[in-house]
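Architecture and fold: a report
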Amino acid sequence: MPPRLNIIVPVKRVIDYAIKPRVNSAKNIVETNGVKFSLNPFCEIAVEEAIRLRESKKDLVESITLVSAGSAKAQDALRSGLAMGADKATLIECPGIDDAKSLSLEPLAVAKLLKAYIDKEGANLVILGKQAIDDDSNQTGQMLAGLLNWPQATNASNVAVDDDGIVSVTREVDGGSETLSAPLPIVITTDLRLNVPRYTKLQDIMKAKKKKTDKLTPSDLGVDIAPRLEVVSLSDPPKRLGGSKVDSVDSLISKLKDVGAI
Amino acid sequence: MAASNQLRYKVIRQYKQLLYMGREYPRGYQFFRDRLHSGFMNNANITDDKQIEQKLRFAEFLEKEIEALYHLRKYRAMKRQYYD
């Protein structure tokens, strides 16, 4: 019998994928007033994978716990994960972090929080999204694996756990696929094509409201979350200039010569 | 009567589920709600159980279609941003 899995899925609440982020007029933060937030799509895939592991084999998974760090509003992300089918959730409420300042909670701080949490609560599998779509750091999973001194399998496109507790993870790499295997415990980060997250039904959301959510603060875990980076400036990406049609070969050539292409 | 009460409950539940999904609809909630409402109202006078069940199956089919639409929309947005 393999050891039963206690899965921790860290999740993040981010600006919804369908929204085009805008920089505020003072050029120091991304506008968050009146902007829709939702669960990070890669985190959704991670939650789905944890649930699929549970459904794949009876008695394989003991518990699925969600963890989110951030403002009190990160509760929304936890609730949508609970509605998908996770058992319980923990919110690490960080003072001084709100929507506008969510990027000042850096990957290293999050990884330290998660490590302290895992040391305290125990777990043998961590599945997390490879990156959040707001800061695109793609660092938390790797840093967490480093801090825990666990093996890591990043950008997973397939995950399997065999009877001896050996985890095999397939990843898409340039020119093919690569399979890593390692014994538990392990940190896995998810790629886009790992699975198709389920759409939660209205009833599941109602039921999720009854599930338990614990609250912690960084000081409970003894972690300093002070940012180490300073945002120097923020700017919108350059506007795309429209193209134009040329009417003849000669004008095409002269235009190419103008820009120095030939 | 018991059977039709159960059906009535099912229809209301399906309606609420679709309404809930409409909040994310690309052309706006109002657009979706209006159409959904008139769609259900058109069939409000059906009393035959078999016919109601058939309409319910159609509603479930619609639910799956919208789900697929949302998933594809998200997947494509992610793919465009990070993989192309």
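Up top is the structure.
The rules behind each value
- Residues numbered from 1 in each chain as written.
- Chains lettered and ligands numbered in written order.
- Predicted model: local features only at pLDDT ≥ 70, side-chain atom pairs only at ≥ 80, totals over all residues.
- Heavy atoms only, no water.
- Helix = DSSP H or I, 4+ residues; strand = E, 2+ residues; numbered from the N terminus.
- Areas by Shrake-Rupley, 256 points an atom, 1.4 Å probe, with all protein chains shown as cover.
- Patch = residues over 30% accessible without salt bridge, like charges linked within 9 Å, V, L, I, M, F, W, Y side chains within 5 Å.
- Salt bridge = Lys/Arg side-chain N within 4 Å of Asp/Glu carboxyl O.
- Lys, Arg positive; Asp, Glu negative; His and termini not counted.
- Charge placed at Lys NZ, Arg CZ, Asp CG, Glu CD.
- Buried < 20%, exposed > 50% of the residue type's maximum accessible area, 1.4 Å probe, protein only.
- Pairing = 2+ DSSP bridges.
- 1 Å grid on protein atoms, 1.4 Å probe; cavity = no way out; pocket = protein on both sides within 12 Å on 5 of 7 lines; lining within 4 Å.
- Points joined across faces, edges and corners; volume = space filled by probe spheres on them.
- Nonpolar A, V, L, I, M, F, W, Y, C, P; charged D, E, K, R; others polar.
- Core = buried A, V, L, I, M, F, W, Y, C linked by side-chain atoms within 4.5 Å.
- Contact = heavy atoms within 4.5 Å.

On to the overall build of chain B. Along its length, chain B carries 3 helices and 0 strands. Ordered by position from N to C terminus, the α and β elements of chain B give α-α-α. For chain B, the accessible area works out to roughly 6,200 Å², and carbon and sulfur atoms hold 51% of it.

With that settled, consider a positive patch on the surface. On the surface, Lys207, Lys210 and Lys211 of chain A together with Lys10 and Arg13 of chain B cluster together to form a positively charged patch. Within the secondary structure, Lys211 of chain A is located in the loop between helix 5 (202–208) and strand 11 (213–216). By relative accessible area, which is 30% here, Lys211 of chain A ends up partly exposed.

This part is about the pattern of salt bridges. Residues and elements named next belong to chain A. Within this structure, the stated rule accounts for 18 salt bridges over all chains. Its salt-bridge partner being Lys12, residue Asp134 comes within 3.2 Å of it at the nearest N-O pair. Placement of Asp134 in the loop between strand 6 (125–129) and helix 4 (140–148) and of Lys12 in the loop between strand 1 (5–10) and strand 2 (13–15) is noted, with a sequence separation of 122 residues between them. When its relative accessible area of 26% is taken as the criterion, Asp134 is described as partly exposed. For Lys215, the salt bridge identified is with Glu93, shortest N-O distance 4.0 Å. Of this pair, Lys215 sits in strand 11 while Glu93 is found in strand 5 (residues 88–93), placing the two residues 122 residues apart along the sequence. On the basis of relative accessibility, which here comes to 54%, the residue Lys215 falls in the exposed class. Each of Arg13, Lys73, Asp76 and Asp99 takes part in salt bridges that share partners, so that together they form one network.

For the rest of this paragraph, the subject is the pairing of strand 1 of chain A. Residue and element names in this part refer to chain A. Extensive coverage of strand 1 is indicated by the burial of 5 of its 6 residues. Across 6 bridges, strand 1 lies against strand 4 (residues 61–70) in parallel orientation. Its bridge partner lying in strand 4, Val9 is registered against Leu66. Strand direction decides the pairing type here: strand 1 and strand 6, joined by 2 bridges, are parallel. The partner of Ile8 across the bridge, within strand 6, is Val126.

With that out of the way, let us pick up empty space enclosed by the protein. Residue and element names in this part refer to chain A. Throughout the structure, instances matching the rule amount to 2 cavities of 30 Å³ or more. Size it by volume and the largest cavity reaches roughly 340 Å³. Along the walls of the largest cavity sit 25 residues, with Val11, Lys12, Val110, Ala132 and Thr140 positioned nearest its centre. Counting only elements with at least two residues in the lining of the largest cavity, the list comes to strand 4, helix 3 (107–121), strand 6 and helix 4. Looking at the lining of the largest cavity residue by residue, the class counts come to 11 nonpolar, 10 polar and 4 charged.

Our focus in this paragraph is the nonpolar core. Residue and element names in this part refer to chain A. Ranked by internal contacts, the top residues of the largest apolar core, which has 59 residues, are Leu5, Ile7, Val9, Val11, Leu53 and Leu66. Among the elements that line this core, the one with the most residues is helix 1 (residues 41–56), at 8 residues. The residues contacting Leu53, other than those within four sequence positions of it, are Leu5, Ile7, Leu60, Val61, Leu125, Ile127 and Val161. By size, the runner-up hydrophobic cluster in this structure holds 27 residues, among which are Ala111, Leu113, Leu148 and Leu216.

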